[in-house]
Amino acid sequence: MKEYSQYILFNFYSVIYQRDIKQQVMQAFEQVTCYFGNIYTSFIPLNKAEVLIIKDELVLFVGQVSEARGLIIQLTTNQDNQFKFEYIEQKLLNKKEHSSFTYNFIKFIFVSDDMMIMPGFIDSHVHPQMGGILEERVNIKQYSTWEDARIKIKEYIDGKQKEQDWIYIHGFSQGWFKDIGQQVEYLDELCNDKPLVIMRDDLHAYYCNSYLLNLAGISINTEGYIGKENGKLTGLVSEESMNLIRAIIPGVDKQKQVNTLHSGIKKLIESGITGFCDAAVKENLLDSYIELYKNQQDLPWCNISLAWNRLFLEQTQNYDTVLKLDILDNLLDRFQKQNLPKTIQCKTVKLFIDGVLESKTALLNVQYCNCNHHGNLLIDDLKEIIPELIKRDLQIHMHSIGDQATDILVEIFDDLYNRNLYIPNEIQHYAAHLQFMSKKAIQKFQYLNIGACFTPFWFYEDPKYSVLYQMVPKEYISDMYPIKNLPKQNIGFGSDWPVTTPNPLWGIEIAVSRQPMGHSQGFVEIGDLNQCISVQEALHYYTEGSAKLCMKQKRGTIQNNQYADFIVLSEDLFHIQKHKIHEVEVLATFIGGKLVYDNEFSVLHREIF
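Here the structure is a predicted model, which is why all the values come from computation and not from measurement.

**Considerations on the packing of aromatic side chains**
In this structure the tally under the stated criterion is 31 aromatic pairs. Ring centres of Phe 101 and Phe 110 lie 6.0 Å apart, and the angle between their planes is 25°; on these two criteria the pair is classed as stacked. For the pair Phe 101 and Phe 110, a shared accessibility class is recorded, and that class is buried. Ring centres of Phe 590 and Phe 601 lie 6.1 Å apart, and the angle between their planes is 90°; this geometry places the pair in the edge-to-face category. Within this pair, whereas Phe 590 is found in strand E22 (residues 586-591), its partner Phe 601 is found in helix H19 (residues 601-604), the two being separated by 11 residues in sequence. When its relative accessible area of 3% is taken as the criterion, Phe 590 is described as buried. Put simply, the rings of Phe 121, Phe 454, Phe 459, Tyr 481, Phe 493, Tyr 541 and Tyr 542 pair up and form one aromatic cluster. Its guanidinium or amino end placed over the ring of Phe 352, Lys 350 lies 4.1 Å from that ring's centre, counting from NZ or CZ. Over the aromatic face of Phe 459 sits the side chain of Arg 514, whose NZ or CZ is 4.3 Å from the ring centroid.

Here's what the structure looks like:
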């Protein structure tokens, strides 16, 4: 009886052991997924594949089906089953079908050839926390006149905002006022008993009512970037003078700061973005990133640019001074001591060289705005700051709109190069926006290895509403955003969201057409149409090109042993008309092989057995 009991016990543990082994095998293979379809692995050069095999967070194999046959049979075959590869070959005959099946714990997904699998987009210049904050506000960007926007604002104020202490609006355009003039009275008529602040669409200015101006202590005698006409305040407060308003805007607690950052990043993921550079980070925002990336998984990889200029971040940091080298060193040291995942890095410093045209702070080589005015250099000691940052092996990320601003930074780098204090091939520094560039700067960008980050959504300026045509000479308009004059290997794209849309597809359409979205009849004459780029170039700049600017050379493509960051689009961008690119949808976003955004992608591929 004792021997029989031992026999039963032995068999019981044998079953348990075999079950555990089987579970381990299941866990080992359940992370393997094979995708078949129209797969673009890179864009310059243009490379395609038929099958993508993901194991855990990495690409196990990408290539042609014939090359993958042995690997798939090896992965799916055990002592009880011999996988019949012919079934896959039969399924591939119907390239329009979207379906899936599971065999031996491996998922096989067949994506219709009408769709497009490609590397995830990379945004090399974006502000996700501000995007998250502004998503909660009334947005008036969609209106084309002040009168239309005024009606919307009035409805908002008369509605649920009656009980609020502050009124926040986002998205006015400076072009609305080019014929009617901008007056503080327009806002006072809407609200005169509480602060009303409207953020301009480029984030470089506020439009404030008199109540708020008085609260901030702003008068006709206040110096700085304060709008004044005929001895009166206009309500416009721009650039660093915005800090007078930000200093008194009620802040939000630390958890809310983390939450708005997270919601902004979720918006990027929904747009197909799997990596990005936050273009202006201060101390509190840095703390929010540390908190979020410590505790949240499945986030895009992120490169942080610490902002040098005196810059308050609205509702999250209403105090600040210019970043000094000792403060910078302390912030970097604090960041490095955190136990953070490899998906986040902080090795970049942001310098605002100049401002923007709408605030008359873009620094040009010519006078503009019909006055004795060239714009403003926002940092006086660039010649001292840049070499110190280079000594620290930090990347420099520069905001530069005007041609004189770009000339200044190029001259500094050229001088350091000639004195052997700058080696172009070590770290690629880059300038963002580059609305206007001199021929001299264009020539030197290549041998100095300075990268160029363009915001493609800006490549079209509506002549009806833009103030550009009243501000700068015609020859400047014809030479805007000279992307084709720069070396392809040094170019990336950034949305600058929430200044523009976070959706890369909208920017891509404008980059390839330099026309309004959806425009297909003739041409709207604006700028140099010879600066239009191809779909292939645009996709490269929004993937591998941006990855290079963000110092992530192993991202932006789909390659063996690299992280499986990819997206699925509803249509192949190479097979549709250019004016329909903005209609294409992101169906799915994968980060490290994991589906993190599902726009009905899962329901499209039905399980067939």
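Let's pick the thread back up.
**Thoughts on helix H9 (residues 254-270)**
Spanning 17 residues, H9 covers 25 Å between terminal C-alpha atoms, matching the ideal 24 Å at 1.5 Å per step. Of all the positions in H9, only Gln 257, Val 258, Thr 260, Leu 261, His 262, Gly 264, Ile 265, Leu 268 and Ile 269 are classed as buried. On its buried face, H9 is in contact with strand E7 (121-126), helix H4 (128-134), strand E14 (273-281), helix H10 (283-295), E22 and strand E23 (594-598). Of the residues that open H9, the one with a side-chain oxygen 3.3 Å from the backbone nitrogen of Gln 255 is Asp 253. Remark: Gly 272 follows H9 within two positions and exhibits a positive phi of approximately 85°.

**Description of the environment of Asp 278**
With respect to the helices and strands, Asp 278 occurs in strand E14. In this structure the C-alpha to C-alpha distance between Asp 278 and Asp 123, which are 155 residues apart in sequence, comes to 8.8 Å. Non-local contacts of Asp 278, meaning those with residues more than four positions away in its chain, are made with Val 126, His 127, Pro 128, Leu 285, Tyr 289, Asn 303, Ile 304 and Ser 305. Engagement of the side chain of Asp 278 in a polar contact is seen with the backbone nitrogen of Ala 280, the distance being 3.2 Å.

**Notes on the pattern of salt bridges**
Here the structure, examined in full by the defined rule, presents 19 salt bridges. Close ionic contact of Glu 147 with Arg 150 constitutes a salt bridge, the shortest N to O distance being 3.0 Å. You can see Glu 147 and its partner Arg 150 sitting in helix H5 (residues 146-158), three residues apart, about one turn around the helix. With relative accessibility at 39%, the residue Glu 147 sits in the partly exposed group. Judged by its relative accessible area of 24%, Arg 150 is partly exposed. Between Lys 337 and Asp 333 there is a salt bridge, with the nearest N and O atoms lying 3.1 Å from each other. A relative accessible area of 38% places Asp 333 in the partly exposed class. Beyond isolated ion pairs, a larger network of salt bridges with shared partners links Asp 329, Glu 388, Lys 391 and Arg 392.

**Details of the sheet that holds strand E10 (residues 196-200)**
Strand order across the open sheet formed by six strands is E8-E9-E10-E11-E13-E12, with mixed pairing between neighbours. Both edges of this open sheet fall to strand E8 (138-139) and strand E12 (226-229), since each of them pairs with a single strand only. By the bridge criterion, three bridges tie E10 to strand E11 (residues 205-208) in an arrangement that is antiparallel. Its bridge partner lying in E11, Val 197 is registered against Cys 208. Across the sheet, H5 is in contact with E8, strand E9 (167-172), E10 and E11; its angle to E9 comes to roughly 160°.

**Looking at the pairing of strand E3 (residues 58-63)**
Pairing geometry for strand E2 (residues 46-55) and E3, over five bridges, is antiparallel. Paired with Ile 53 across the two strands is Phe 61, which belongs to E3.

**Re the nonpolar core**
Within the largest apolar cluster, 128 residues are counted, with the highest numbers of intra-cluster contacts made by Tyr 289, Ile 304, Leu 306, Leu 351, Phe 413 and Phe 454. Here the element with the most residues in this core is helix H13 (residues 403-418); it accounts for seven residues. Excluding residues that lie within four positions of it along the chain, Ile 304 makes contacts with Asp 278, Val 281, Leu 286, Tyr 289, Phe 335, Ile 344, Gln 345, Cys 346, Lys 347 and Thr 348. By size, the runner-up hydrophobic cluster in this structure holds 21 residues, among which are Ile 140, Trp 146, Ala 149 and Trp 176.

**Some points on helix H18 (residues 535-549)**
With 15 residues, H18 extends 20 Å between its outermost C-alpha atoms, agreeing within 8% with the 21 Å of an ideal straight helix rising 1.5 Å per residue. Of all the bends in H18, the greatest measures close to 45° and is centred on Tyr 541. Across the 15 residues that make up H18, a large majority, 12, are buried. For H18, the full list of buried residues reads Val 535, Glu 537, Ala 538, Leu 539, His 540, Tyr 541, Tyr 542, Thr 543, Gly 545, Ser 546, Ala 547 and Leu 549. Looking one or two residues beyond H18, the residue adopting positive phi is Met 551, at roughly 60°.

**What to know about the confidence of the model for the protein**
Here the protein averages 89 in pLDDT, while 90% of its residues score no lower than 70. Scored below 50 in pLDDT, residues 12-19 makes zero contacts in the model with residues more than four places away or belonging to other chains.

**Observations regarding the packing of helix H17 (residues 504-513) against H18**
Running from N to C, H17 and H18 cross one another at 140°; their axes reach a closest spacing of 9 Å. The angle between the axes of H17 and H18 places the two elements in the oblique class. Relative to H18, H17 is oriented so that their crossing is right-handed. Seen from H17, the contacting residues are Pro 504, Ile 508 and Val 512; seen from H18, they are Val 535, Ala 538, Leu 539 and Tyr 542. Considering only residue class, the contact of H17 with H18 consists of seven nonpolar, no polar and no charged.

**What to know about a nonpolar patch on the surface**
Residues Tyr 211, Leu 215 and Ile 248 make up a contiguous nonpolar surface patch of about 250 Å² in total accessible area. Position of Ile 248 among the secondary structure elements: in the loop between helix H8 (243-246) and H9.

**Quick look at the sheet that holds E14**
Taking strand neighbours across the sheet as the criterion, the eight strands line up as E7-E14-E15-E16-E17-E18-E19-E20 in an open arrangement whose pairing is parallel. Bordering the open sheet on either side are E7 and strand E20 (491-493), each of which pairs with just one other strand. With strand direction ignored, the average angle separating the axes of adjacent strands in the sheet is 25°. The pairing of strand E16 (residues 344-352) with strand E17 (residues 395-400) spans five bridges and is parallel. Directly across from Leu 351, in E17, lies its bridge partner Met 398. Helix-sheet contacts for helix H11 (residues 325-336) involve strand E15 (301-307) and E16, and the interaxial angle to E16 is about 160°.

Calculation rules
Residues numbered from 1 in each chain as written. Predicted model: local features only at pLDDT ≥ 70, side-chain atom pairs only at ≥ 80, totals over all residues. Heavy atoms only, no water. Phe/Tyr/Trp six-rings, centres within 6.5 Å; stacked < 30°, edge-to-face > 60°. Buried < 20%, exposed > 50% of the residue type's maximum accessible area, 1.4 Å probe, protein only. Helix = DSSP H or I, 4+ residues; strand = E, 2+ residues; numbered from the N terminus. Lys NZ or Arg CZ within 6 Å of the ring centre and 35° of its normal. Expected span 1.5 Å × (residues − 1). Contact = heavy atoms within 4.5 Å. Polar contact = N/O pair within 3.5 Å; in protein donor to acceptor, adjacent residues only side chain to side chain. Salt bridge = Lys/Arg side-chain N within 4 Å of Asp/Glu carboxyl O. Pairing = 2+ DSSP bridges. Axes fitted to C-alpha atoms, helices over the stretch in contact; angles between N-to-C directions. Core = buried A, V, L, I, M, F, W, Y, C linked by side-chain atoms within 4.5 Å. Bend = angle between axes of the 7 residues up to and from the residue. pLDDT = per-residue confidence, 0-100. Parallel < 35°, antiparallel > 145°, perpendicular 65-115°, else oblique. Left-handed = near helix turned anticlockwise from the far one by under 90°. Nonpolar A, V, L, I, M, F, W, Y, C, P; charged D, E, K, R; others polar. Patch = residues over 30% accessible without salt bridge, like charges linked within 9 Å, V, L, I, M, F, W, Y side chains within 5 Å. Areas by Shrake-Rupley, 256 points an atom, 1.4 Å probe, with all protein chains shown as cover.

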